[in-house]
Amino acid sequence: MEMGVDRVKVVVGNTGLGYYKEVESYDKYIDLRYIPELSMIRRDDSGINIGVAITISKAIEAVKECNQHGFHIEENMVYKKIADHMEKVASGFIQNSASLGGNLVMAQRNHFPSDIATVLLAVGSLVNIMNGLRSKELTMEEFLRRPELDSKSILLSVKIQDWNRLMGISSGTRMNLLFETNRAAPQPLGNALPYLNAVLMAEVSHCTTSNGIILSNCRFAFGAYGTKHPLRATKVEEFFTGKVLSVGVLYEAVKLLGAIVVPDDGTSNPAYRSSLAVGFLFEFFSHLFEANVELPDGYMNGYSPLLSPAKQLDHGKIPTLLSSSMQEVELNRQYHPVGDPIAKSRATIQASCSLYVISYYDADELSEAVYVDDIPSPTNCLHEASFTVHASQCGFFF
């Protein structure tokens, strides 16, 4: 943004600097945290409206509060899973500093692999943009596809719609909502950027003419797999709508999704990322099936179409399509002890004494880690040992 001769940048936490280095210098920074209208959270019957200057951690708390005040089990489940997924975004320090709006702007402008953008896309969120003196409300899909925001436009708020309004469900409708979020990352227990993230949502109801489940209002969103923005698999959604779930239907949907989720050229592990999307979709619906030993007419591969009505809509752990197996491996001790694992002699010393690891990257190859114990001490080196004592008054004498 240019104002006169000064170059100005609009920021909140400016945590994006740690991922995208600034190649241009700025004369001034405008901190949006001091604009009250951008740091407000409003709740009503239509959903929850979150200002763009709200930090990710506060946005998580707001979504959790919606989970506690929901009137439907499905509604509480949706909010809970949204909050749980957002907690996997970055570390606690980043969540306390980074803003919700900044994350979405990076996803829209810099193609950042955002988990939040994928989640908000799937649940039909709306964004409010101020352009000059006029405000405009866009769907998340429209926001991600539009040209990047210019110096005259600013993102104001994000609205997570009430799921009953979004899906068009009345209080008397006998439907159940299935909702699940997924992500696969190099460090599953950490906060690393994902290989792929996915949000799957569908309404299911009992078929009146057969012992089956009819699918409707499906919403499948996938992101961070090597494309510019998260996208909805609309062809798969349309394919499922109105169909009775069966193994054959799921198989055709899996093939269709595999042709849609294709990473751009140059993306690392493209086949793995595509297979993740297929696996998440399969897992999403697989709990609606159960293994059957016999093979009745019209059934495929020994699987009955659906579980009993008492089990089919249970969100807990129930049998899946995967079969168990056991293998026995006989060890050959002809060349014993060749092949036996041997502990490294200095491993325990390094693990107990080395407090720092120095790693460096060479232009030609990745070098091994260098431990402190392996570095020779210089001449006249001063060694220090830190300790604590219980003393009200003490002194140091040299």
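**Student:** Explanation requested: the packing of aromatic side chains in the structure shown.
**Tutor:** Aromatic ring pairs are defined here through the distance separating the ring centres and the angle between the ring planes. A complete count under the given rule lists 11 aromatic pairs for this structure. Centroid distance Tyr195 to Tyr272: 5.4 Å. Interplanar angle 85 degrees. Geometry classified as edge-to-face. Within this pair, whereas Tyr195 is found in the loop between strand 9 (176–184) and strand 10 (196–206), its partner Tyr272 is found in helix 10 (residues 270–286), the two being separated by 77 residues in sequence. Ring centres 5.9 Å apart and planes at 85 degrees place the aromatic pair Phe220 and Phe240 in the edge-to-face group. Taken together, the positions of Phe220 in strand 11 (residues 213–223) and Phe240 in helix 8 (residues 234–240) put the pair 20 residues apart, joining distant regions of the chain. No difference in accessibility class separates Phe220 from Phe240, as the two residues are buried.

**Student:** Would you mind showing me how to read the packing of helix 4 (residues 100–109) against helix 5 (residues 115–122) here?
**Tutor:** Geometry of a packed helix pair, given as the angle between the helix axes and the separation of the axes. Viewed as axis vectors pointing N to C, helix 4 and helix 5 meet at an angle of 90 degrees, and their least axial separation amounts to 8 Å. Taken together, the axis directions place helix 4 and helix 5 in an arrangement best described as roughly perpendicular. Here helix 4 contributes Leu100, Asn103, Leu104 and Ala107 to the contact with helix 5, which in turn contributes Ile116, Ala117 and Leu120. Looking at the contact of helix 4 with helix 5 residue by residue, the classes come out as 6 nonpolar, 1 polar and no charged.

**Student:** Explain the confidence of the model for the protein here, please?
**Tutor:** Per-chain confidence: the protein averages 79 in pLDDT, with 76% of residues scoring 70 or above. The low-confidence segment residues 291–319, where pLDDT is below 50, has 51 contacts with residues more than four positions distant or belonging to other chains. Note on residues 354–367: pLDDT is under 50 here. Beyond four places in sequence and across chains, it has 18 contacts.

**Student:** How do you make sense of the sheet that holds strand 12 (residues 231–232) when you look at a structure like this?
**Tutor:** The strands making up a sheet associate through hydrogen bonds between their backbones, and the pairing can be parallel or antiparallel. With respect to topology, 4 strands assemble into an open sheet ordered 9-10-11-12, the strand pairing being antiparallel. The open sheet has two edge strands, strand 9 and strand 12, and neither has a second partner. As paired elements, strand 10 and strand 11 share 9 bridges and run antiparallel to each other. Paired with Glu203 across the bridge in strand 11 is Ser216. In the packing of helix 10 onto the sheet, contacts are made with strand 9, strand 10 and strand 11, and the angle to strand 10 comes to roughly 25 degrees.

Reading guide: rules and limits
What you see as residue numbers is a count from 1 along each chain, following the sequence as written. It should be noted that, the model being predicted, local features are given only for residues of pLDDT at least 70 and side-chain atom pairs only at 80 or more, the latter also being counted only at that level, while totals for whole chains, interfaces and linings use all residues. Based on all heavy atoms of the structure, the side-chain values leave hydrogens and waters out of the count. Under the pairing criterion, centres of Phe, Tyr and Trp rings, with the six-membered ring standing for Trp, must be within 6.5 Å; the plane angle then separates stacked pairs below 30 degrees from edge-to-face pairs above 60, leaving the rest tilted. Note on conventions: DSSP H or I runs of at least 4 residues are helices, E runs of at least 2 residues are strands, and numbering of each starts at the N terminus. Three labels apply to residues, based on accessible area from a 1.4 Å probe with only protein chains included: buried if under 20% of the type maximum, exposed if over 50%, partly exposed otherwise in between. Orientation is described by axes fitted as lines to C-alpha atoms, over the contacting stretch for helices, and by angles from 0 to 180 degrees between their N-to-C directions. Angle categories: roughly parallel below 35 degrees, roughly antiparallel above 145, roughly perpendicular from 65 to 115, and oblique for all the rest. Working rule for contacts: check all heavy atoms of both residues, and any pair within 4.5 Å makes them a contact. For this classification, the nonpolar set comprises Ala, Val, Leu, Ile, Met, Phe, Trp, Tyr, Cys and Pro, the charged set comprises Asp, Glu, Lys and Arg, and every other residue, Gly included, is treated as polar. One number per residue, pLDDT, summarises how confident the predictor is, and it ranges from 0 to 100. Pairing between strands is defined by DSSP: at least two bridges between them are needed.

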